[in-house]
Amino acid sequence: MNLQELTAALELTALTPGTSPAGELSGGYVSDLLSDVLANAPADGVLVTVQVHLNVVAVAVHAGLKAVIFALDRRPEEAVVQRAVQEGIALFCSALPAFEIVGRLYQHGLRG
C-alpha cells in the first residue's frame, strides 16, 4: 500500500498535500508515547496518534516514517505542518478514533 492508496482507502484528509513520499508503506504503528514510537515503529511506515505537537514530526523523521495520521480529527498548528513539509513527512487526519483507523489499515493489508 502506498500513500495514495492509503488516503483513498481510509478517506483521510491530507494536511501536507504536496508531500507524498514514494514507495510502499512497510507497516504501521499506533502509539501516543513518542519514545515507544522511536523504539518500535517500522521504517517507511505510518504512525497513528492523537499527539499533534512538533515532536511528532521530529520522531517521525528519526524513526524513518513516511506518514502520520492524526486520529479524532486532531489537527496540528501550522508550524508543525510546515516542519513536516520541510522534512518530507506526509500528515493526514481522520475523524475516526485510532482503534478504528488501525483496524482499517489492517483490513487493507498493512501490518505492524
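Note that the structure is predicted; figures quoted are calculated from it, not measured.

Overall, mixed pairing links the five strands, which are arranged 1-5-4-3-2 in an open sheet. Of all the strands in the sheet, just strand 1 (13-14) and strand 2 (28-30) have a single pairing partner and so form its edges. Sheet analysis places strand 4 (residues 67-70) next to strand 5 (residues 90-93), joined by four bridges and oriented parallel. Bridge pairing links Ala-67 to Ala-90 in strand 5. Against the sheet, helix 1 (residues 3-10) engages strand 3 (46-49), strand 4 and strand 5, with an angle of about 5 degrees to strand 5.

Moving on, we come to helix 4 (residues 78-87). Listed as buried for helix 4 are Val-80, Val-81 and Ala-84. One face of helix 4 carries all of its buried residues, which in axial projection span an arc of 100 degrees. Exposed side chains of helix 4 directed beyond 90 degrees from the buried face belong to Glu-78, Ala-79 and Gln-86. Where helix 4 is buried, its residues meet helix 3 (54-63) and strand 5. Within two residues after helix 4, Gly-88 carries a phi angle of roughly 75 degrees, on the positive side.

Let us look at the environment of Val-57. By the secondary structure assignment, Val-57 is in helix 3. For Val-57, a relative accessible area of 1% translates into the label buried. Taking the C-alpha atoms as reference points, Val-57 and Glu-87, 30 residues apart in sequence, are found 8.0 Å from one another. In contact with Val-57, other than residues within four places in its own chain, are Val-80, Arg-83, Ala-84 and Glu-87.

Looking at the element boundaries, Thr-49 is found in strand 3. Accessibility expressed as a relative area gives 0% for Thr-49, which makes it buried. Among the polar contacts listed, one links the side chain of Thr-49 to the backbone oxygen of Ser-31, at a separation of 3.2 Å.

This part is about unusual backbone geometry. One non-glycine residue, Glu-11, lies in the positive phi region at around 50 degrees. If you trace the backbone, Glu-11 turns up in the loop between helix 1 and strand 1. With a phi close to 60 degrees, Asp-73 is a non-glycine residue in the positive phi region. Locating Asp-73 in the fold gives a position in the loop between strand 4 and helix 4.

This brings us to the nonpolar core. Of all hydrophobic cores here, the largest spans 19 residues; its most connected members are Val-37, Leu-65, Val-68, Phe-70 and Leu-91. Listing elements by their share of this core, those giving two or more residues are helix 2 (34-40), helix 3, strand 4, helix 4 and strand 5. Per element, the largest residue contribution to this core is five residues, and it comes from helix 3. The residues touching Phe-70, leaving out its near neighbours within four places in the chain, are Leu-15, Thr-49, Gln-51, Val-52, Val-56, Pro-76, Leu-91, Phe-92, Cys-93 and Ser-94. Core analysis: the next-biggest nonpolar cluster, separate from the first, contains 17 residues, Val-50, Ala-67, Ile-69 and Ala-71 among them.

Analysis parameters
Residues numbered from 1 in each chain as written. Predicted model: local features only at pLDDT ≥ 70, side-chain atom pairs only at ≥ 80, totals over all residues. Heavy atoms only, no water. Pairing = 2+ DSSP bridges. Helix = DSSP H or I, 4+ residues; strand = E, 2+ residues; numbered from the N terminus. Contact = heavy atoms within 4.5 Å. Axes fitted to C-alpha atoms, helices over the stretch in contact; angles between N-to-C directions. Buried < 20%, exposed > 50% of the residue type's maximum accessible area, 1.4 Å probe, protein only. Arc of directions from axis to C-beta. Polar contact = N/O pair within 3.5 Å; in protein donor to acceptor, adjacent residues only side chain to side chain. Core = buried A, V, L, I, M, F, W, Y, C linked by side-chain atoms within 4.5 Å.

Everything listed here is a matter of coordinates, which is why it stays silent on function.
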